[in-house]
Structures are given as C-alpha cells and as structure tokens.
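# Structural overview for review
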Amino acid sequence: MKTWVVVASAARARIFDRSSTQGPLAEQADLLNPEDRLLQQEIVSDRPGSATNRQGGQRHGMEPRANPKEIQAGRFAAEVVDWLEAHHRSKDFDQLYLVAAPHFLGLLRNRMSQGLSDTVMAESDKDLTHERADHLAHHLQAIF
C-alpha cells in the first residue's frame, strides 16, 4: 500500500511517502504559504471604514467582518486539499496520515471530499512542520 503523511500548519505543508514503515520518509512536496508570516496590517490594504451614528452624528470605526489571517489559512488549506485530491485521483497513495496544527487540521478536514477523507487512517493535532525528516519518523512512531 502507498502511504503518505501530511505534516502541516497554516504556513507550510510537507507531504511524505511512508510506503515502507522501516525506511526513511521520502518528501514528495513542500507547499508554502508565505502570507501566513505577514502581520494582519500587512494583509489589509486600508484602514477599516467608518460609519456615522444616525441619532447623534458620531463617527465610529468598523471592524472587518472576517479575520484576514483566517481567510489566508482557509485558502492555503484549500490549496493543500486540492493538491491531495489531484494525487488521490491519480492513485498516488492509498492511505493518508494527517499531522497538523489543531486549527489547521480542522480546516483541512472541512475541505476534504468523502473519498479523500476515507483514505485518512489517523490524525494528530501537532505542528511538526519544522522537524527534520529523520526526527519526524521518530515522532510518527509515537503517534501512529
């Protein structure tokens, strides 16, 4: 069976081939989201709008309806899932293990098709994106 491991956060997603449980992890892809490193004020181009109170004529600032960092994380999760969906359709893997930062794990889950979701054998809510591949293998043995 072809087994892949996704190690992800809102900033980075690394995909490894783990078809051999004894051998080293082979990195298949390293997807980056450089926008995650930006501060919120660097993502938003303008100051928030303002509104005037009808009765008193007072002006007040308006907050954006959605958090720009959350929107960026959602876009990146969709990009990662689209990449995985394409490789799933190509039958590049049969089983999938997910290791992701807790919130990002939820974003990934929410975007997966039923077919891709069915390949997920186990999940772990840890951010291990900065670990070296040889250290990751050790972490994965403890998790799965």
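Our subject is the structure listed above.
The structure reproduced in this document is the subject of the present report. Residue numbers run consecutively from 1 along every chain, following the written order of its sequence. Owing to the predicted nature of the model, reporting of local features is limited to residues with pLDDT of at least 70; listing and counting of side-chain atom pairs is limited to 80 or more, with chain, interface and lining totals taken over all residues. Think of the side-chain values as coming from all heavy atoms in the structure, minus any hydrogens and water.

## Side note on the pattern of salt bridges
Definition in use: Any Lys or Arg side-chain nitrogen found within 4 Å of a carboxyl oxygen on Asp or Glu counts as a salt bridge. In this text, helices come from DSSP runs of H or I with a minimum length of four residues, and strands from runs of E with a minimum of two, each type numbered from the N-terminal end.
Tallying each qualifying case throughout the model produces 4 salt bridges. Measuring nitrogen to oxygen at the nearest pair gives 2.7 Å for the salt bridge that ties aspartate 30 to arginine 12. Of this pair, aspartate 30 sits in strand β3 (residues 26-32) while arginine 12 sits in strand β2 (residues 12-17), and the two are 18 residues apart along the sequence. Here arginine 14 ties to glutamate 27 by a salt bridge, and the two come within 3.4 Å at their closest N and O atoms. In this pair, arginine 14 sits in strand β2 while glutamate 27 sits in strand β3, placing the two residues 13 residues apart along the sequence.

## Description of the nonpolar core
Soluble globular proteins tend to pack their nonpolar side chains together in the buried interior. Counted only if it meets this: Take the buried residues of types Ala, Val, Leu, Ile, Met, Phe, Trp, Tyr and Cys, join any two whose side-chain atoms come within 4.5 Å, and each joined set is a nonpolar core. Relative accessibility decides the category of a residue: with a 1.4 Å probe and only protein chains considered, values under 20% of the type maximum give buried, values over 50% give exposed, and everything between is partly exposed. Residue contacts follow a heavy-atom distance rule, with two residues in contact if any of their heavy atoms lie within 4.5 Å.
Ranked by size, the top nonpolar core spans 26 residues in total, and within it Ile15, Leu84, Leu96, Phe104 and Leu108 carry the most contacts. When contributions to this core are tallied by element, the ones reaching two or more residues are β1 (3-8), β2, β3, α2 (68-89), β6 (95-100) and α3 (102-111). No other element matches the 6 residues that α2 contributes to this core. Non-local contacts of phenylalanine 104, meaning those with residues more than four positions away in its chain, are made with Ala8, Ser9, Ala10, Ala73, Phe76 and Ala77.

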